[in-house]
Amino acid sequence: MTNRIAVVAGVAAVLLLVRLDAQSTHLGALRPPQPPPHFSQTTWDSVYTTTQATRGESLYKVTCIKCHGPDLAGGDDGAPLAGTLFLGNWTGLPLNDLYEKMRTTMPSDSPKSVPPEQLIDILAHILAKNQFPAGVKLLTTDSMLLKDIKIQQNKPDTTRPPF
Ligand code: HEC
């Protein structure tokens, strides 16, 4: 008798779960899709200056080149910091993620040894080496700014009119 009750209760519970599940799926379909993270700029919007990138190149030669190579191609001691493989890793992510990776872990033999204002110039050099255009805006360590710039591998289609 107790068994029968247990079975009935079990079946009822399963039926309830199935119903709840169906309902949530139904509601899920009605709920508007979550918007993707909003960025007002991408790495194609000239987010650093040539002066910065030039300064960054000199700094890169002092602290990063021994592991990441002269062309940022990487090697036995470091990952590539330019090219398809590198950009494929980071595309769609905020520039802040890349900066934070550098700030907290690099140079790997002496993390946090490079001051932020130098690291941001090195980041400008990395952007230049990945063929992103320079402009008049300074790249700064402001995390609000860095979170608002999307790393985008492919150049946006500019043949469409902006309206
Ligand atoms: C002693 C060697 C060494 C030095 C010096 C070094 N790195 Fe690295 N770096 C590595 C290694 C190894 C990796 C791959 C492992 C990892 O991601 O932590 C890496 C990964 C990275 C990445 C992530 C690449 C990716 O696609 O995930 C960035 C960005 C980076 N380094 C930037 C720098 C910068 C900027 C400097 C100079 C300030 C620097 N590194 C100095 C060894 C080094």
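We now turn to the structure provided with this report. (Residues numbered from 1 in each chain as written. Predicted model: local features only at pLDDT ≥ 70, side-chain atom pairs only at ≥ 80, totals over all residues.)

With that settled, the discussion passes to the overall build of the chain. When its secondary structure is counted, the chain shows seven helices and two strands. Overall, the chain shows an N-to-C arrangement of helices and strands of α-β-α-α-α-α-α-α-β. (Helix = DSSP H or I, 4+ residues; strand = E, 2+ residues; numbered from the N terminus.)

Our next topic: the environment of Pro116. The topology assignment puts Pro116 in helix α6 (residues 116–129). The sequence separation of Pro116 and Met102 amounts to 14 residues, and the corresponding C-alpha distance is 9.7 Å. The residues touching Pro116, leaving out its near neighbours within four places in the chain, are Arg103 and Thr141. (Contact = placed C-beta atoms within 7 Å.)

What follows concerns the site of the ligand. Around the ligand, 21 residues are found, and the nearest of them are Cys64, Cys67, Gly78, Met106 and Pro107. Here the shell around the ligand is built from residues that sort into 11 nonpolar, six polar and four charged. (Near = placed C-beta within 6 Å. Nonpolar A, V, L, I, M, F, W, Y, C, P; charged D, E, K, R; others polar.)

This brings us to the packing of helix α5 (residues 95–105) against α6. At a closest axis distance of 11 Å, the pairing of α5 and α6 adopts a crossing angle of 130 degrees. Compared by their axis directions, α5 and α6 come out oblique. At the point where α5 passes α6, the crossing takes the right-handed sense. Contact residues: Tyr99, Met102 and Arg103 in α5; Pro116, Leu119 and Leu123 in α6. Here the contact of α5 with α6 is built from residues that sort into five nonpolar, no polar and one charged. (Axes fitted to C-alpha atoms, helices over the stretch in contact; angles between N-to-C directions. Parallel < 35°, antiparallel > 145°, perpendicular 65-115°, else oblique. Left-handed = near helix turned anticlockwise from the far one by under 90°.)

Time to look at the environment of Phe86. Tracing the backbone through its elements, the reader meets Phe86 in helix α4 (residues 84–90). Owing to 21 C-beta atoms within 10 Å, Phe86 belongs among the buried residues under this scheme. In this structure the C-alpha to C-alpha distance between Phe86 and Gln153, which are 67 residues apart in sequence, comes to 9.4 Å. Apart from residues no more than four positions distant in its own chain, Phe86 is found in contact with Pro80 and Leu81. (Buried ≥ 20, exposed ≤ 12 C-beta atoms within 10 Å, placed from the backbone.)

For helix α2 (residues 50–63), with 14 residues, the first-to-last C-alpha span of 20 Å sits near the 20 Å given by 1.5 Å per residue. Of all the residues in α2, the buried ones are Gln52, Ala53, Gly56 and Tyr60. Taken around the axis of α2, the buried residues stretch over an arc of 90 degrees, which confines them to a single face. Within α2, the exposed residues directed more than 90 degrees away from the buried face are Thr51, Ser58, Lys61 and Val62. Where α2 is buried, its residues contact α3 (65–68) and α6. (Expected span 1.5 Å × (residues − 1). Arc of directions from axis to C-beta.)

Turning our attention to the nonpolar core. Membership of the largest hydrophobic core comes to 28 residues, with the highest contact counts inside it found for Leu123, Ala124, Ile126 and Leu127. Mapped onto this core, the elements with two or more residues apiece are α2, α5 and α6. Top element by residues in this core is α6. It accounts for eight residues. Setting aside its immediate chain neighbours within four residues, Ile126 contacts Leu72, Leu81 and Ala82. (Core = buried A, V, L, I, M, F, W, Y, C linked by C-beta atoms within 7 Å.)

What follows concerns the environment of Lys112. Note on placement: Lys112 falls in the loop between α5 and α6. By C-beta crowding, Lys112 is classed as exposed, having 12 other C-beta atoms within 10 Å. Distance in space between the C-alpha atoms of Lys112 and Met102 is 8.5 Å, their sequence separation being 10 residues.

All right, on to unusual backbone geometry then. Here Met106 and Pro107 are connected by a cis peptide whose omega angle stands at -10 degrees. Here Lys112, not a glycine, exhibits a phi torsion of approximately 65 degrees, which is positive.

So yeah, pure geometry; function would need other evidence.
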